Structure formats: C-alpha cells, structure tokens
Amino acid sequence: MKYILSLLLFVNTLAWSASYDPFLLNTHLSLLPKIAMLDKNLVSHNKSPLKILIAYEYGDEETAESCSKILMTKFNGNVNGHPLIVTVLPFDKLDASNSYHLIYALKASLSQLKKVHNAVGSSGALTALYDADKLGDDGLLLSIQMERAPVILINSKALRENRFSFPDSLLEIARII
C-alpha cells in the first residue's frame, strides 16, 4: 500500500510538473497573497476574509485544486490574521457576480485572460497570472518571473486604470512594464 501511494504521488507530480514549473508555481502561491495584502484598499482592517479565486482551463482542474490546498496549508488558513477563502473555477464560469480580492489565472489564452479581467467587475480585485510573458495589454496586474531571484512584474496600464494603493517600497522593488 505504501509503495502504491508513493508511486501515485510520483506519477501525479510528473503530470503536474509537465505543464507547470513547480518552483515557479510555489513562488507565486507564496508571494501573491502577501502582495495582495499590501494593497491598502483591498481588505478592511476588521479581519474580514481574504478571498482568492484560482481560474483554470479545463484539464487543469487537478493543478487548480492542488494550488488551493497548497495555499491553505502554506498560510495555515489565514494571511496576516485574515481568514483565507480559496475558490477554483474554470475560465468559462467566471463572472462579475462574485467578489474576490485576488484572482489568479493559471495557464490561459488571451481571450481567457480577458474573461478574468471582466470578472473583476466592481470588486476591484487584484489580478495575477502564471504566464509572465502574457502580462501586458490584457488588463491583468501582476505576475512573477524567476531570474536570479523572483521578480514581481506590475502592468503599468492596469495600475493606472485601477485604484490600487501599494506602498512605495513594493513599487520600488517591482518591475513596472
């Protein structure tokens, strides 16, 4: 039984890492909630929950669920004293009827990234994506890429067009594109 469980975990890891860089994904999951908490307008001071949505393409359900579990484990259910609520939805089911603080898009086409942008609605959610190469005119705000160290990328157009209020220290260390 122990051997079978180890084999299943190994095969699952191989399938997961075939399409995603596990280190990069783990870096995103570690940093993005903390970056979101830096936005002064995002979460009120009364310990209300931090709501994160992970958007995925059909076929990436396991990756999205795994990301949800990693977030809950990594932050032990709360970020800076705010309870953490993580939801996973496919791109096709995104709409502006639900309010989130952070929407994280796994691998996506540009049309799917536009769905993420449209799903923000009036909530003013921060948006982030896995593929840093697609950060640009799609309207999404954040991504992280690996160089010698993680580099936070911020879309200048999205920053200007929204009411995000980050501390100057974050803007100084981030790369504005």
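Residues numbered from 1 in each chain as written. Predicted model: local features only at pLDDT ≥ 70, side-chain atom pairs only at ≥ 80, totals over all residues. Heavy atoms only, no water.

From N to C terminus, the protein includes six helices and eight strands. Within the protein, buried positions represent 43% of all 177 residues. By sequence separation, contacts in the protein at least 24 residues apart represent 59% of the contacts at least 6 residues apart. (Helix = DSSP H or I, 4+ residues; strand = E, 2+ residues; numbered from the N terminus. Buried < 20%, exposed > 50% of the residue type's maximum accessible area, 1.4 Å probe, protein only. Contact = heavy atoms within 4.5 Å.)

One can describe the packing of helix H2 (residues 22–38) onto helix H3 (residues 61–74) by two numbers: an axis separation of 10 Å at closest approach and a directional angle of 50°. Judged by the inter-axis angle, H2 sits oblique to H3. Considering the relative orientation of H2 and H3, their crossing is right-handed. Taken together, the residues of H3 that come into contact with H2 (itself represented by Leu25, Asn26, Leu29, Ser30 and Pro33) are Thr63, Cys67, Ile70, Leu71 and Lys74. Looking at the contact of H2 with H3 residue by residue, the classes come out as six nonpolar, three polar and one charged. (Axes fitted to C-alpha atoms, helices over the stretch in contact; angles between N-to-C directions. Parallel < 35°, antiparallel > 145°, perpendicular 65-115°, else oblique. Left-handed = near helix turned anticlockwise from the far one by under 90°. Nonpolar A, V, L, I, M, F, W, Y, C, P; charged D, E, K, R; others polar.)

So, on to the environment of Pro83. Among the secondary structure elements, Pro83 is positioned in strand S3 (residues 82–90). According to the relative accessible area criterion, Pro83 is partly exposed, its value standing at 37%. The spacing of Pro83 and Pro49 is 34 residues in sequence and 4.5 Å in space, taken between C-alpha atoms. Aside from chain neighbours lying at most four places away, what touches Pro83 is Lys47, Ser48, Pro49, Leu50, Gly77 and Asn78.

Time to look at unusual backbone geometry. Even without being a glycine, Asn76 presents a positive backbone phi close to 50°. Here Asn76 shows up in the loop between H3 and strand S2 (78–79). Of note in this structure, Asn80 is not a glycine but carries a positive phi near 50°. You can see Asn80 is positioned in the loop between S2 and S3. The exposure class assigned to Asn80 is exposed, which follows from its relative accessible area of 55%.

Before going further, it helps to spend a moment on the nonpolar core. Ile54, Tyr104, Leu106, Leu126 and Leu142 are the most contacted members of the largest nonpolar core, which has 37 residues in total. Of all elements in the fold, only H2, strand S1 (50–56), H3, S3, strand S4 (102–105), strand S5 (126–129), strand S6 (142–146) and strand S7 (150–154) reach the threshold of two or more residues within this core. When sequence neighbours within four positions are dropped, the list of residues in contact with Leu142 reads Leu32, Ile35, Leu126, Thr127, Ala128, Leu129, Leu135, Ile152, Leu153 and Ile154. In this structure, Leu113, Leu129, Leu140 and Val151 belong to the second largest nonpolar core, which totals 19 residues. (Core = buried A, V, L, I, M, F, W, Y, C linked by side-chain atoms within 4.5 Å.)

Let us now look at the confidence of the model for the protein. Averaged over all residues, the pLDDT of the protein is 87; the fraction at 70 or higher stands at 88%. Note on residues 2–11: pLDDT under 50 across the span, and zero contacts to partners over four residues away in sequence or across chains. Low pLDDT, under 50, characterises residues 13–17; the stretch is placed with six contacts to residues that sit more than four places away or in other chains. (pLDDT = per-residue confidence, 0-100.)

Applying the stated rule across the entire model yields two aromatic pairs. Judged by centre distance (4.9 Å) and plane angle (75°), the rings of Tyr20 and Tyr130 are edge-to-face. You can see Tyr20 sitting in the loop between helix H1 (2–19) and H2 and its partner Tyr130 sitting in the loop between S5 and S6, a full 110 residues away along the chain. Owing to a relative accessible area of 2%, Tyr20 belongs among the buried residues under this scheme. Its relative accessible area of 6% is what places Tyr130 among the buried residues. The ring centre of Tyr20 lies 5.2 Å from the NZ or CZ of Lys107, which sits over that ring. (Phe/Tyr/Trp six-rings, centres within 6.5 Å; stacked < 30°, edge-to-face > 60°. Lys NZ or Arg CZ within 6 Å of the ring centre and 35° of its normal.)

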